[in-house]
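# Understanding the architecture of this molecule
Take a look at the letters that make up each chain.
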Amino acid sequence: MALIKCPECGKEVSDKAEACIHCGAPLKEKPPEPVYISFPQVSSFTGKGTVYYNGKSESCAPGGTVCIEISGPTTIEVKMNSYFGRPSLQVKPGDKVQVTVSALGKISLSKVSTLGTNISKNW
């Protein structure tokens, strides 16, 4: 173990520490963690589902799952061709989101502990 100087307070800390023990400043950037957004398999849905985040977008077929990597809280928006609404939700690394469609065609988002469908990696 070597000692390094904290870039915030200048005090010595272990090079193995994730945060400074003196001021709490992060010493190592956490790697991005995936967020999974699962789209429903709807018989009348023949287009694609798209997730918008941080100026980017990722799409998948009906019944598919989009995987995005983020390093902190991020707002996502979801759109499904032929359905109305473009709901948004703030997610954090590791979240799982289920997209649902009401009988009237409105899209909604909810965080879930497990996804109800097989994850088809679209990344």
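Described in the following lines is the structure provided in the data block. (Residues numbered from 1 in each chain as written. Predicted model: local features only at pLDDT ≥ 70, side-chain atom pairs only at ≥ 80, totals over all residues. Heavy atoms only, no water.)

Looking now at the overall build of the chain. Broken down by element type, the chain carries 0 helices and 10 strands. The order of helices and strands in the chain, counted from the N terminus, is β-β-β-β-β-β-β-β-β-β. In terms of C-alpha radius of gyration, the chain reaches 19 Å, well past the compact-globule figure of 14 Å for 123 residues. Overall size of the chain, expressed as C-alpha extent along the three principal axes, is 60 × 25 × 25 Å. Out of the 123 residues in the chain, the part that is buried amounts to 35%. In the chain, once contacts between residues fewer than 6 apart in sequence are set aside, the share between residues at least 24 apart is 40%. Surface accessibility of the chain: about 7500 Å² in total, with carbon and sulfur atoms responsible for 50%. The average position of the 14 basic charges and that of the 10 acidic charges among the side chains of the chain differ by 7 Å. (Helix = DSSP H or I, 4+ residues; strand = E, 2+ residues; numbered from the N terminus. Rg over C-alpha atoms; globule rule 2.2 N^0.38 Å. Buried < 20%, exposed > 50% of the residue type's maximum accessible area, 1.4 Å probe, protein only. Contact = heavy atoms within 4.5 Å. Areas by Shrake-Rupley, 256 points an atom, 1.4 Å probe, with all protein chains shown as cover. Lys, Arg positive; Asp, Glu negative; His and termini not counted. Charge placed at Lys NZ, Arg CZ, Asp CG, Glu CD.)

Below, the discussion takes up the environment of Gly-64. Looking at where Gly-64 falls in the secondary structure, it is placed in the loop between β5 (56-60) and β6 (65-70). Residue class for Gly-64 comes out buried when judged on its relative accessible area of 6%. Separated by 23 residues in sequence, Gly-64 and Gln-41 have C-alpha atoms that sit 7.8 Å apart.

This paragraph deals with the sheet that holds strand β9 (residues 96-101). Two orientations exist for strands paired in a sheet by backbone hydrogen bonds: parallel and antiparallel. Pairing is mixed across the open sheet formed by 4 strands, whose spatial order is β6-β3-β9-β10. Both outer strands of the open sheet, β6 and β10 (107-112), are each paired with one neighbouring strand and no more. Strand-to-strand, the axes of this sheet are offset by a mean angle of 25 degrees, without reference to chain direction. As paired strands, strand β3 (residues 33-38) and β6 are joined by 6 bridges and run antiparallel to one another. Bridge assignment links Ile-37 to a residue of β6, and that residue is Val-66. (Pairing = 2+ DSSP bridges. Axes fitted to C-alpha atoms, helices over the stretch in contact; angles between N-to-C directions.)

Core analysis: the largest hydrophobic core is formed by 19 residues, its most contacted members being Ile-37, Phe-39, Val-51, Ile-68, Ile-76, Val-78 and Val-99. Excluding anything up to four places from it in sequence, Val-99 contacts Ile-37, Ser-38, Phe-39, Pro-40, Val-78, Met-80, Ile-107, Ser-108 and Leu-109. (Core = buried A, V, L, I, M, F, W, Y, C linked by side-chain atoms within 4.5 Å.)

The next point concerns unusual backbone geometry. For Asn-54, which is not glycine, the phi torsion reads 45 degrees and is therefore positive. As for its placement among the helices and strands, Asn-54 is situated in the loop between β4 (49-53) and β5. By relative accessible area, Asn-54 is classed as exposed at 55%. In this model, Ser-82 sits at a positive phi of 80 degrees, which is unusual for a non-glycine residue.

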